[in-house]
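Below, each chain spelled out in residue letters.
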Amino acid sequence: MGNWLLDGLMPNRKLGRSEYFISQPEQSRITYIDFEKLTAKFANGLLTQNVKVDDRVVVQAEKSIEVIALYLATIRVGAIFIPLNTAYVATEVNYFIDNAEPILLICEPNKEEEYRQLDSAKVLKILTLDAKSQGSWLDNCRGCSEKFQNVARGKDDIAAILYTSGTTGRSKGAMLSHDNLLSNAYSLVKLWQFTSDDVLLHALPIYHTHGLFVAINIALVAGCTLNFLQRFEASEVCDKLVGSTVMMGVPTFYTRLLEHPEFSSKQCQSMRLFISGSAPLLAKDHQRFKKLTGHTILERYGMTETNMMTSNPYFGERRAGTVGHAIENIDVRIVSETNDGTLIHHNVLQPDENSHKVGMIQVRGPSLFKGYWKMPEKTAEEFTNDGYFITGDLAQYDRDGYISIVGRDKDMIISGGLNVYPIDVENVINACSSVKESAVFGVTDADFGEVVMAIVISSNQRVGSHESETAKSEILDAIKENLAAYKRPKKILFLDQLPRNAMGKVQKKVLRELYSS
Ligand code: AMP
């Protein structure tokens with residue numbers, strides 16, 4: 001038996017390739033041959049630390065080629081890779097160590113001392129790695145062989161645990177098997193037509209499913225080259241788009257590019273595909289991007305637990321405001337609930353129904369995770385009897401079966417007993433010419449239980465100015481014309497920006513807490 005994920009990502013035929021795995025920036029340049037050797041060296045380095053099959057290796061380090069090599073080295077020794085968001089502070093890291101019980105933690109040198117004091121870290125080995133290729137982890141690997149015989153692992157063995165962002169309650173560790181990751185990478189390479197000629201512009205963080213599994217696994221399977229940027233910085237991305245063929249981004253990448261004075265169709269001449277995901281892309285930005293560059297962004301939808309589930313087509317119409325259809329081998333259904341007073345009925349919506357009914361997205365397929373680490377009850381709660389995972393995302397079909405995400409179930413507002421989907425209100429506000437974007441959420445209210453509130457970012461950015469008064473009256477007219485009274489925001493506030501996490505997701509929980517009081 002081989003190593004299911006490794007054999008799929010780095011098949012032998014590719015190991016001897018002298019093409020670049022990373023070509024940019026120059027200091028990170030590495031060929032496939034050398035990258036394979038680095039992963040072998042790191043795998044031997046893990047053995048010197050006594051890392052065995054199914055042991056957990058936690059990595060919280062700035063984006064670098066070494067972190068990717070550590071991911072693959074961990075897989076090569078049959079252990080479980082756990083990347084952590086670099087923004088997590090010591091008390092949060094304490095929770096993850098306590099929960100995951102890793103054998104080894106690799107962190108930034110400046111955090112080592114603090115982490116050694118953590119209760120959970122008493123018996124843990126801690127080594128360091130920074131983005132400039134320095135640290136005790138590299139000292140540990142110096143002299144290790146660049147040859148390694150992969151440890152055998154099967155398709156259902158766990159390859160990685162990714163902690164969900166935990167918008168409600170504690171973060172949960174999603175266990176992802178070798179085949180969860182590999183099957184999705186193969187489907188996406190085919191769907192998005194990746195080949196070894198591609199140059200993927202990579203400006204995402206690599207502690208999240210998007211930048212790590214979607215981007216890196218695809219690149220390895222296709223054998224393509226990465227332009228590997230430390231972070232998204234609009235002017236650098238403008239430069240590096242030249243010569244690239246694909247970019248994967250979160251919606252804020254596109255919003256920022258559109259705002260950047262230098263960005264135009266000129267930089268996009270070698271590009272064949274722009275992909276967006278992890279948060280909703282404003283239909284307005286989708287259209288503006290097309291007008292400016294001639295490229296139609298391909299929006300897709302996925303989550304840590306499921307990998308990618310739906311995508312707009314590569315060939316065929318990419319529809320703004322939708323996430324397309326289920327991808328190959330993935331069963332996606334939208335299930336609505338009706339309550340007749342005694343029983344709750346579940347109805348599977350039909351794509352051609354054209355009813356605009358909203359329901360919960362449920363999903364089944366080879367990329368679906370194996371459950372939450374050490375949380376069997378929580379896992380059971382999130383699955384239906386017939387094995388579908390309940391995503392927590394509400395959605396609807398349009399008349400051609402394209403799926404639109406309406407929002408998280410937990411973000412739905414219930415005002416006076418009536419359901420309000422934030423996106424319905426946001427769409428009306430965002431369509432106003434004076435509005436850049438908005439976030440709609442519920443705040444507690446003695447009378448109605450909850451009422452609708454909107455935060456608006458105006459397109460001219462001058463909060464409190466005469467312009468925002470104009471924007472306000474434009475919004476009030478629009479909502480009066482397009483929304484039933486119970487859906488209309490009772491309070492509209494203008495701000496400079498929305499609170500977002502690193503993946504560009506608007507933090508509605510933060511807004512609810514802030515404005516409910
Ligand atoms: P994560 O597990 O951090 O990747 O977050 C997954 C969640 O991000 C999903 O459950 C959705 O709520 C949201 N999401 C991902 N892609 C999209 C998209 N294209 N449009 C709207 N929401 C999205």
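Residues numbered from 1 in each chain as written. Predicted model: local features only at pLDDT ≥ 70, side-chain atom pairs only at ≥ 80, totals over all residues. Heavy atoms only, no water.

S.K.: Quick question: what am I supposed to make of the environment of Leu226 here?
M.R.: Inspection of the secondary structure puts Leu226 in strand S10 (residues 225-228). Residue classification places Leu226 among the buried residues on the basis of a relative accessible area of 0%. Not counting chain neighbours up to four residues away, the residues in contact with Leu226 comprise Phe21, Ile22, Ser23, Gln24, Leu200, His202, Ile216 and Ala219. (Helix = DSSP H or I, 4+ residues; strand = E, 2+ residues; numbered from the N terminus. Buried < 20%, exposed > 50% of the residue type's maximum accessible area, 1.4 Å probe, protein only. Contact = heavy atoms within 4.5 Å.)

S.K.: Looking at this model, I keep getting lost on the pairing of strand S9 (residues 199-202). Mind explaining?
M.R.: Neither face of S9 is left uncovered, since the one carrying Val199 and Leu201 and the one carrying Leu200 and His202 both have all their residues buried. Where S9 and S10 come together, four bridges link them in parallel fashion. Considered in S10, the bridge of His202 is made with Phe228. After leaving S9, the chain enters helix H9 (residues 209-222) and then returns to the sheet as S10, a path that is right-handed. Relative to strand S11 (residues 246-249), S9 is paired through two bridges, and the arrangement is parallel. Pairing of Leu200 across the sheet is with Val246, part of S11. (Pairing = 2+ DSSP bridges. Right-handed = clockwise from strand over helix to strand, strands pointing away.)

S.K.: What's the story with the sheet that holds strand S25 (residues 491-494) in this structure? I'm lost.
M.R.: Hydrogen bonds between backbone groups are what pair the strands of a sheet, and the pairing can be parallel or antiparallel. With mixed pairing, three strands are arranged side by side in an open sheet as S23-S24-S25. A single partner strand is all that each edge strand has here, and the edge strands are strand S23 (435-445) and S25. The sheet shows a mean angle of 25° between the axes of neighbouring strands, direction not considered. Bridge count for S23 against strand S24 (residues 449-458) is ten bridges, and the pairing is antiparallel. Across the sheet, the residue bridging to Asp445 is Gly449, located in S24. (Axes fitted to C-alpha atoms, helices over the stretch in contact; angles between N-to-C directions.)

S.K.: Please explain the packing of helix H4 (residues 65-76) against H9 as it appears in this structure.
M.R.: Each pair of packed helices can be described by the angle between their axes along with the distance between the axes. Where H4 meets H9, the axes come as close as 12 Å, and the angle between the chain directions of the two elements is 80°. If you check the angle between H4 and H9, you find them roughly perpendicular. For the pair H4 and H9, the contacting residues are Ile68, Tyr71 and Leu72 in the first and Leu212, Phe213, Ile216, Asn217 and Leu220 in the second. (Parallel < 35°, antiparallel > 145°, perpendicular 65-115°, else oblique.)

S.K.: Got a minute to help me understand the pattern of salt bridges in this structure?
M.R.: For side chains bearing opposite charge, pairing can occur when the charged atoms are close. Summed over the entire model, instances satisfying the criterion amount to 25 salt bridges. Put simply, Lys190 and Glu328 hold a salt bridge, and the shortest N to O gap is 2.6 Å. Of this pair, Lys190 sits in helix H8 (residues 178-191) while Glu328 sits in the loop between strand S15 (325-326) and strand S16 (331-339); the two residues are 138 residues apart in sequence, bridging distant segments of the chain. Here Arg319 ties to Asp398 by a salt bridge, and the two come within 2.8 Å at their closest N and O atoms. (Salt bridge = Lys/Arg side-chain N within 4 Å of Asp/Glu carboxyl O.)

S.K.: What is the right way to read the packing of aromatic side chains from this model?
M.R.: The description of an aromatic ring pair rests on the distance of the ring centres and on the angle between the ring planes. Here the structure, examined in full by the defined rule, presents 19 aromatic pairs. Aromatic side chains Tyr314 and Phe315 sit 4.9 Å apart centroid to centroid with 90° between the ring planes, which places their arrangement in the edge-to-face category. The exposure class of Tyr314 is buried, given its relative accessible area of 18%. Where Phe383 meets Phe389, the ring centres are 5.5 Å apart and the plane angle is 55°; that geometry is what we call tilted. Judged by relative accessible area, which is 1%, Phe389 ranks as buried. (Phe/Tyr/Trp six-rings, centres within 6.5 Å; stacked < 30°, edge-to-face > 60°.)

S.K.: Where do I start with helix H16 (residues 508-516) in this structure?
M.R.: Of all the residues in H16, the buried ones are Lys508, Leu511 and Arg512. Along the long axis of H16, the arc covered by the buried residues comes to 100°, so they all point the same way. Among the exposed residues of H16, those oriented more than 90 degrees off its buried face are Glu513 and Leu514. Contacts made by the buried residues of H16 are with helix H14 (422-430), S23 and S24. (Arc of directions from axis to C-beta.)

By themselves, these are just geometric observations and shouldn't be taken as functional.
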